[in-house]
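Structural characterization, general
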Amino acid sequence: HLIPKQLKRHGLNRRMLSLSESALSEIIDYYTRESGVRNLERRLGDLFRRAARRFVEEPLLRSIKVSAENVCEYLGPRKMIPERISDEDEIGVVNGLAYTESGGDVLKVEVAVLDGTGKIETTGSLGDVMKESANLAYEYIKANSDKFGIDESIFDNKNVHIHVPEGATPKDGPSAGITIFTALLSVFTQRKVRANFAMTGEITLRGQVLPVGGIKEKILAAKRANITDIILCHENQKDIEEIKETYLKGLSFHYIKEMKEVIPLIFE
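Presented here is an overview of the structure given in this document. (Residues numbered from 1 in each chain as written. Predicted model: local features only at pLDDT ≥ 70, side-chain atom pairs only at ≥ 80, totals over all residues. Heavy atoms only, no water.)

Quick look at the environment of Y140
- Within the secondary structure, Y140 is located in helix 5 (residues 128–143).
- In this structure the C-alpha to C-alpha distance between Y140 and I203, which are 63 residues apart in sequence, comes to 9.8 Å.
- Not counting the four nearest positions on each side in its chain, Y140 is found in contact with F148, F181, L205, R206, G207 and M259. (Helix = DSSP H or I, 4+ residues; strand = E, 2+ residues; numbered from the N terminus. Contact = heavy atoms within 4.5 Å.)

Details of helix 8 (residues 177–189)
- Across its 13 residues, helix 8 extends 18 Å between first and last C-alpha, which sits within 8% of the 18 Å expected from 1.5 Å per residue.
- By the burial criterion, the buried members of helix 8 are G177, I178, T179, I180, F181, T182, A183, L184, L185, S186, V187 and F188.
- Positive backbone phi, at 55°, marks Q190, one or two positions downstream of helix 8. (Expected span 1.5 Å × (residues − 1). Buried < 20%, exposed > 50% of the residue type's maximum accessible area, 1.4 Å probe, protein only.)

Some remarks on the pattern of salt bridges
- By the definition in use, this model includes eight salt bridges.
- Among the ionic pairs, R43 bridges to D46, the shortest N-O distance being 3.0 Å. Residue R43 and its partner D46 are both found in helix 3 (residues 38–57); the two are separated by three residues, about one turn of the helix.
- Looking at R43, the relative accessible area reads 23%, which means it is partly exposed.
- Taking relative accessible area as the criterion, D46 reaches 16% and is therefore assigned buried.
- Note that E57 and R53 form a salt bridge whose closest N and O atoms lie 2.8 Å from each other. Within this pair, E57 and its partner R53 are both found in helix 3, separated by four residues, close to a single helical turn. Neither E57 nor R53 differs from the other in exposure class; each is exposed. (Salt bridge = Lys/Arg side-chain N within 4 Å of Asp/Glu carboxyl O.)

Description of unusual backbone geometry
- Even without a glycine there, the phi angle at S125 is positive, about 60°.
- In this structure, S125 sits in the loop between strand 5 (120–123) and helix 5.
- At N226, a residue that is not glycine, the phi angle is positive and equals roughly 65°.
- Within the secondary structure layout, N226 lies in the loop between helix 9 (215–224) and strand 10 (229–233).

So far we have only geometry, and geometry alone does not tell us how the molecule works.
Encoded structure:
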């Protein structure tokens, strides 16, 4: 729909300008990031406008073929940094999934433990609800330290620093609860987290995992980042069943009811 519309608007036709599938994917992945197609149409308009100018400046030019390799000649360098996950399993680093204005996004949560007096510090422009999730996860682990094999003294002589990168972007909402819990548990038990996993879910003080929204957008973000396994609340299974199988290809889903069910899934 968009391409014929822009061709007509710029006095071009498919014989004059051809846009490969790889070129279209390049524009979508690296020049736009949104839940709709408004900016995609604008970038196509930019490309076709520059192509039309070439026809005017080069009278002998008969056709233009745009591929992924030469998109930058018309739209400049890539505008978006691709979402990437770590190549190695790490301690205290967990992939979360978030819903943003531009659709889904991979939200990496990092946790470090330092010498101190039991304080919690959060950085990365976190909102009040997200900070509450961090305190909730911390208190749950503290209350159940014996079940997780954690020495209770660590809560008195260590400070916890929770950071979510891209600090210039405000972040809020309860869906990072399970991600923060996993990152904290990883640091306290010194166990590495599987890098190919991502998760989303709200948590309670009793250790339950609650459903969250924006599942479709979060799944698309996971696929962009080459994540293979996703952990969700069991009540979100109905959201997965409503999505076409084409979009779920290459993904495995793990449904949980309680926070502790993450342990056999996520840790090495």
